[in-house]
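# Examination of the molecular architecture
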Amino acid sequence: MRFERFPKVDVSILPPNPAPPDYWQERAACFGVDSDIFFPISEEEAGPALTFCDSCRIKEECLAWALKNGERYGVWGGLTEQQRRRLQRQVA
Ligand code: SF4
């Protein structure tokens, strides 16, 4: 399982106006997967969710949506809760 404290993210390639999940969730690598996987108890247990995100075709849309809407919980767009908070502090 892969877990990086802070993977490199190029925020300049994220869509500025991401569509809500209803528009893209059927194309997601996690579509139909038990959502509990995406809400791990600890950061270190996020590996299985991040593996899905690695192969997801709409990862940038998902991350952009989570950042824009301040999603506080769970794995979105290949980043954990802590990783998204750190990214938001960096780009603020
Ligand atoms: S990036 Fe990850 S959480 Fe987002 S839709 Fe894809 S698999 Fe699901």
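These lines cover the structure that appears in this document, whether it is placed above or below. This structure is a prediction, so every number in the text was calculated from the model and none was measured.

### Notes on the overall build of the protein chain
- Looking only at helices and strands, one finds 4 helices and 0 strands in the protein chain.
- Tracing the protein chain from N to C terminus, the helices and strands come up as α-α-α-α.
- The C-alpha atoms of the protein chain give a radius of gyration of 12 Å, which matches the 12 Å a tight globule of 92 residues would have.
- For the protein chain, the spread of C-alpha atoms along the principal axes amounts to about 30 × 30 × 20 Å.
- Per-residue burial over the protein chain gives 35% buried out of 92 residues.
- The long-range fraction of contacts in the protein chain, counting pairs at least 24 apart against all pairs at least 6 apart in sequence, stands at 64%.
- For the protein chain, the accessible surface area stands at approximately 6,000 Å², while carbon and sulfur atoms represent 51% of it.

### Observations concerning the site of the ligand
- By nearness alone, 13 residues border the ligand, and Ala28, Cys30, Cys53, Cys56 and Cys62 come closest of all.
- Those elements that provide at least two residues to the shell around the ligand are helix 2 (47–54) and helix 3 (59–68).
- For the shell around the ligand, the residue count by class is 11 nonpolar, 1 polar and 1 charged.

### So, the nonpolar core
- By size, the foremost hydrophobic cluster in this structure holds 8 residues: Trp24, Ala28, Cys56, Ile58, Cys62, Trp65, Ala66 and Trp76.
- It is helix 3 that provides the largest number of residues to this core, a total of 3 residues.
- Dropping the residues within four chain positions of it, Cys56 is found in contact with Ala28 and Ala29.
- Counting residues in hydrophobic clusters, the runner-up holds 7 residues, among them Ala64, Leu67, Leu79 and Leu87.

### Side note on helix 3
- Of all the positions in helix 3, only Cys62, Leu63, Ala64, Trp65, Ala66 and Leu67 are classed as buried.
- In this structure, the buried side of helix 3 is in contact with helix 1 (21–24) and helix 4 (81–91).
- Residue Gly70 follows helix 3 closely and has a positive phi angle near 60°.

Calculation rules
Residues numbered from 1 in each chain as written. Predicted model: local features only at pLDDT ≥ 70, side-chain atom pairs only at ≥ 80, totals over all residues. Heavy atoms only, no water. Helix = DSSP H or I, 4+ residues; strand = E, 2+ residues; numbered from the N terminus. Rg over C-alpha atoms; globule rule 2.2 N^0.38 Å. Buried < 20%, exposed > 50% of the residue type's maximum accessible area, 1.4 Å probe, protein only. Contact = heavy atoms within 4.5 Å. Areas by Shrake-Rupley, 256 points an atom, 1.4 Å probe, with all protein chains shown as cover. Near = heavy atom within 4 Å. Nonpolar A, V, L, I, M, F, W, Y, C, P; charged D, E, K, R; others polar. Core = buried A, V, L, I, M, F, W, Y, C linked by side-chain atoms within 4.5 Å.

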